[in-house]
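# Inside the fold
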Amino acid sequence: MITEIAPAPERVRAAPARSGRRRRAWDEVPRWQIYLPLTVYLLFTLIPFYWILLFALRPAGSTSLVPWPMTFEHFEKVWTERAFGTYFTNSVYVGLATLVLTTVVALAGGYALARFDFRLKRGFMLALLCSQFVPGALLLVPLFQIFAKLSMINSLGSVIIAETVFQLPLSMILISGFIRNVPYSLEEAAWVDGCNRFTAFRIVVLPLLRPGLIAVGSFAFVHAWNHFLFALMFLSDQSKQTIPVGLNTLMSADSVDLGALAAGGIVAAVPVVIVFAFIQKWLITGFSAGAVKG
């Protein structure tokens, strides 16, 4: 039996009094104790990126620590000779399709978990949490058999479905947590005005879920973009492979083309960096709000 969850009574909490005379602990800490660890961490993070740029931009055979004279021959090689243009297009298609499917299904499931009460709800939530501890390698054999019976092997659709199923548990948990933070009275007011449940959700609730949807969608896109295992197992045709599999083709048992590998890594990383640069504010807000239990 499914019952609707009644809205919890609102609690008014008094704001703690603040004293203007008392200095915060932050002001009492010397600045060098803050900036020194941050500088060390920044160097530890940025040096590997500089090393990748160095191999990608300096000529083959050069040992200089400065990429000069600068060359783009490695980028041209991976984009034309190594078919990275095709890999890039396939990764964009898989990532966007996974983003849309994961967001739509997680939105419906998250709303049901947040607004309705039904039998075995706690068990279902526990199963969602436990599924996050299952490695993707354990799913390869059953998924391969299912896709083989559906004649979906060597199809981008198989990778999209596998990535969507793999992302749904965490996405539903985040969306449900975010919906719980939306006041239930907003939907009730829309019902009084004559809206049905779907219209009230679309007009009132959905605009307030923008940070959560961006967080879930971006997480699904990045995971599908970087995931190597499903694309390697379900795609055998080179024209349908994605960027992670393409990077693997640059390494052989005898030798590794470091310049081409570095250039391919930059091609794979730049779109994700650009996406996160534009949505970082929404991403932090969405994950923090979705993690709070309403």
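Predicted, not measured: the structure shown is a model, and the values here were computed from it.

Scoring rules and cut-offs
- Residues numbered from 1 in each chain as written.
- Predicted model: local features only at pLDDT ≥ 70, side-chain atom pairs only at ≥ 80, totals over all residues.
- Heavy atoms only, no water.
- 1 Å grid on protein atoms, 1.4 Å probe; cavity = no way out; pocket = protein on both sides within 12 Å on 5 of 7 lines; lining within 4 Å.
- Points joined across faces, edges and corners; volume = space filled by probe spheres on them.
- Helix = DSSP H or I, 4+ residues; strand = E, 2+ residues; numbered from the N terminus.
- Nonpolar A, V, L, I, M, F, W, Y, C, P; charged D, E, K, R; others polar.
- Patch = residues over 30% accessible without salt bridge, like charges linked within 9 Å, V, L, I, M, F, W, Y side chains within 5 Å.
- Areas by Shrake-Rupley, 256 points an atom, 1.4 Å probe, with all protein chains shown as cover.
- Salt bridge = Lys/Arg side-chain N within 4 Å of Asp/Glu carboxyl O.
- Phe/Tyr/Trp six-rings, centres within 6.5 Å; stacked < 30°, edge-to-face > 60°.
- Buried < 20%, exposed > 50% of the residue type's maximum accessible area, 1.4 Å probe, protein only.
- Lys NZ or Arg CZ within 6 Å of the ring centre and 35° of its normal.

### A closer look at the layout of surface pockets
Empty space within the second largest pocket amounts to approximately 230 Å³. Forming the boundary of the second largest pocket are F49, I52, L53, G265, I266, A269, V270 and V273. When residues of the lining of the second largest pocket are assigned to their parent elements, the largest contribution, five residues, is made by helix α13 (residues 258-290). Considering only residue class, the lining of the second largest pocket consists of seven nonpolar, one polar and no charged.

### Examining a nonpolar patch on the surface
A surface patch of nonpolar side chains, amounting to about 830 Å² of accessible area, comprises Y50, W51, L65, V66, W68, M70 and F72. One can find V66 in the loop between α2 (32-57) and α3 (73-81).

### Observations concerning unusual backbone geometry
Of note in this structure, S151 is not a glycine but carries a positive phi near 60°. Residue position: S151 is located in the loop between α6 (140-149) and α7 (156-180). A positive phi angle is found at N154, which is not glycine, with a value near 65°. Among the secondary structure elements, N154 is positioned in the loop between α6 and α7.

### Points about the packing of aromatic side chains
Evaluated as defined, the whole model comprises 13 aromatic pairs. Between Y111 and F201, the aromatic rings sit 5.0 Å apart at their centres with planes inclined by 70°, giving edge-to-face as the arrangement. Here F201 lies in helix α9 (residues 197-205) and Y111 lies in helix α4 (residues 84-115), a separation of 90 residues in the sequence. Summarising the burial analysis for this pair, Y111 and F201 share the class buried. Where F166 meets F230, the ring centres are 6.0 Å apart and the plane angle is 85°; that geometry is what we call edge-to-face. One end of the pair, F166, is in helix α7; the other, F230, is in helix α11 (residues 229-234), with 64 residues separating them in the sequence. Given the relative accessible area of 0%, F230 is considered buried. Put simply, the rings of F144, F147, F166, F230 and F234 touch in pairs and so form one group of aromatic residues. Looking at R58, its charged tip hangs above the ring of F55, at a distance of 4.6 Å from the centre.

Geometric values such as these leave the question of function open.
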